[in-house]
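# Topology and contacts: notes
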Amino acid sequence: MATAKDNLIDGRAVSAQIHAETKARVEALARRGIQPGLAFVRVGEDPASRVYVGMKEKKSAELGIRSETFVLPAETTEDELLTLIGRLNADDAWHGILVQAPLPPHISESVVFSTVSPTKDVDGFHPENVGKLMLGDNSGFRPCTPAGVHELLIRSQVDTDGAQVVVLGRGNIVGKPMTAILCQKASNANATVTLCHSRSRNVEEHCRQADIIIAAMGVPEFVKADMVSEDTVVIDVGVNRIEDTSNPKGYRLVGDVDFANVRPRARLITPNPGGVGPMTIAMLLQNTARAAENATR
Ligand code: GUN
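Reading guide: rules and limits
All chains use their own residue numbering, which begins from 1 and follows the written sequence. Totals for whole chains, interfaces and linings use every residue, but because this is a predicted model, local features are given only for residues with pLDDT of at least 70 and side-chain atom pairs only at 80 or more, for both listing and counting. By convention in this description, side-chain values take in all heavy atoms of the structure and omit both hydrogens and water. When DSSP locates at least two bridges between a pair of strands, those strands are taken to pair. Secondary structure elements are taken from DSSP: a helix is a run of H or I of four residues or more, a strand is a run of E of two residues or more, and numbering for both begins at the N terminus. Every angle, taken between N-to-C directions, lies between 0 and 180 degrees, and every axis is a line fitted to C-alpha atoms, over only the stretch in contact when it is a helix. Any two residues having at least one pair of non-hydrogen atoms within 4.5 Å are treated as being in contact. The buried label applies to any residue whose accessible area, calculated with a 1.4 Å probe on protein chains only, is under 20% of its type's maximum; exposed applies above 50%, and partly exposed to all values in between. In this text, near means that some heavy atom of the residue lies within 4 Å of the molecule or strand in question. Polar contact criterion, stated in full: a pair of N or O atoms within 3.5 Å, where within protein one must be able to donate a hydrogen and the other to accept it, and residues adjacent in sequence count only if both atoms are side-chain atoms. In these tables, accessible area is a Shrake-Rupley quantity obtained with a 1.4 Å probe, and a residue counts as shielded only by the protein chains included in the view. Residues are grouped as follows: Ala, Val, Leu, Ile, Met, Phe, Trp, Tyr, Cys and Pro are nonpolar; Asp, Glu, Lys and Arg are charged; all remaining types, including Gly, are polar. Ring pairs shown here join Phe, Tyr and Trp side chains whose ring centres sit within 6.5 Å, with only the six-membered ring taken for Trp; geometry is labelled stacked below 30 degrees between planes, edge-to-face above 60, and tilted in between. In this analysis the charged atom, NZ for Lys or CZ for Arg, is taken to sit over a ring once it is within 6 Å of the ring centre and within 35 degrees of the ring normal. Charge assignment in this entry is limited to Lys and Arg as positive and Asp and Glu as negative, and neither His nor the chain termini are counted. We count a salt bridge whenever a side-chain nitrogen from Lys or Arg sits within 4 Å of a carboxyl oxygen from Asp or Glu.

### So, the sheet that holds strand 2 (residues 66-72)
Within the open sheet, the three strands sit side by side as 2-1-3. Their pairing is parallel. What marks the edges here is a single partner per strand, and that holds for strand 2 and strand 3 (96-99). Direction aside, the axes of adjacent strands within the sheet are offset by 15° on average. Strand contacts of helix 2 (residues 47-63): strand 1 (37-43), strand 2 and strand 3, with the helix running at about 170° to strand 1, the strand carrying the most contacts. Strands in contact with helix 3 (residues 78-90) are strand 1, strand 2 and strand 3; relative to strand 1, the strand with the most contacts, it is inclined by about 180°.

Shown next as structure tokens:
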């Protein structure tokens, strides 16, 4: 009888390990009379953002990180938001600041992300931190989702040295920084990275050559079994809503990978949910502990 292939990368288990490490750092800071503080800023009532920020707040509390969510109405002006960020930048009680994206269309995300102090930019979106990542300078903050994928690969003993990696999607939050992380001349990197996007030719062929596929383009179940060679490691970053009339909500969430059909071919694969998602929060709180340590050196 065929047995299910035990090839899942358990993001919940790996994130629990990282949370335990972060908790120990928070406790060490507490012995010095310091409590890390993480300020969340949410503009408007985007339902997904409410859920995400709620999850981040809850986990912060579990680890002993003080947090507060500053909720601004959707019609807040860019200037008003920048004023709040300036106040949080100047307040030593906040070691980390996270402005949840997406922002309303009249507010420029790049202006907002550039206003958060780079020393408090636990999202890793400030141009100074983006530049450091590109330069291989580890003193900055790395964006949480690609850093989480990197950590998953390392802790699953996936060797990236000389590996062919295909990153699908060129977004600023995942695809571009993921490429920068894995192409560095450094241990746990040293990969040959191909960044495919909506204008790329021969995406399927690139994928078939890959040792590792990281799907982050936001197309439901884009990666099919015939695009994946035997023994490929497949990481699914996608979170897509698709219509599902059989579900009381009218939709269900699927990733960028056709999980059921790809899983039997893959060497390792992340489930969705329970793969990359929990890692994003783990890296955010790890960054926050580091921000607090840096501020008190
Ligand atoms: N929206 C989707 N992902 C993220 C993230 O990593 N950080 C922030 N601030 N907003 C997001």
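### Topic: the pairing of strand 3
Burial along strand 3 is two-sided: G96 and L98 and I97 and V99, pointing in opposite directions, are all buried. Judged from the four bridges that link them, strand 1 and strand 3 form a sheet pairing that is parallel. Bridge pairing links A39 to I97 in strand 3.

### Examining the site of the ligand
Neighbouring residues of the ligand: L98, V99, Q100, A101, D123 and F125. Interatomic distance of 2.6 Å between a side-chain N/O atom of D123 and a nitrogen atom of the ligand. With the chains in place, 81% of the 280 Å² that the ligand exposes on its own is no longer accessible. Of the residues contributing to the shell around the ligand, the split by class is four nonpolar, one polar and one charged.

### Remarks on the packing of aromatic side chains
For the structure shown, the criterion picks out two aromatic pairs. Seen in terms of ring centroids, F70 and W94 are 6.0 Å apart; in terms of plane orientation they differ by 85°. Their pairing is edge-to-face. Here the residue F70 occupies a position in strand 2, and W94 occupies one in the loop between helix 3 and strand 3, the gap between them amounting to 24 residues. Take F70 and W94: they sit in the same class, and that class is buried. The ring of W94 carries R66 above its face, with NZ or CZ at 4.2 Å from the centroid. Positioned above the aromatic ring of Y251 is the side chain of R241, whose terminal nitrogen or guanidinium carbon lies 4.0 Å from the ring centre.

### Section: the sheet that holds strand 7 (residues 233-236)
Ordered in space as 5-4-6-7-10, the five strands form an open sheet in which the pairing is parallel. The outermost strands of the open sheet, each flanked by one partner alone, are strand 5 (192-196) and strand 10 (268-269). Pairing between strand 7 and strand 10: two bridges, direction parallel. When the bridges of strand 10 are listed, V233 appears paired with L268. Relative to strand 5, helix 7 (residues 175-183) is tilted by about 170°, and along the sheet it contacts strand 4 (164-168), strand 5 and strand 6 (212-215).

### Comments concerning unusual backbone geometry
Cis geometry is adopted by the peptide bond preceding P102, which originates at A101 and carries an omega value of 0°. Take P102: it is sitting in the loop between strand 3 and helix 4 (109-115). With omega at 10°, the peptide bond leading from N272 into P273 counts as cis. Structurally, the position occupied by P273 is in the loop between strand 10 and helix 10 (277-295). Positive phi is not limited to glycine here, since N190 has a value of about 55°. Along the chain, N190 falls in the loop between helix 7 and strand 5. With a relative accessible area of 27%, N190 lands in the partly exposed category.

### As for the side chain of K56
Inspection of the secondary structure puts K56 in helix 2. Despite being buried, K56 has no salt bridge partner; D123 is the closest side chain of opposite charge, sitting 5.6 Å away. Polar contacts involving the side chain of K56 include one to the side chain of Q100, which spans 2.8 Å. With residues near it in sequence (within four places) discarded, K56 still touches F40, L98, Q100, I281 and L284.

### Here's the deal with the side chain of T270
With respect to the secondary-structure elements, T270 resides in the loop between strand 10 and helix 10. From its side chain, T270 meets the backbone nitrogen of D236 in a polar contact 2.9 Å long. Once you skip the residues sitting within four places of it in the chain, T270 turns out to touch I9, L152, V234, I235, D236, F259, G275 and V276.

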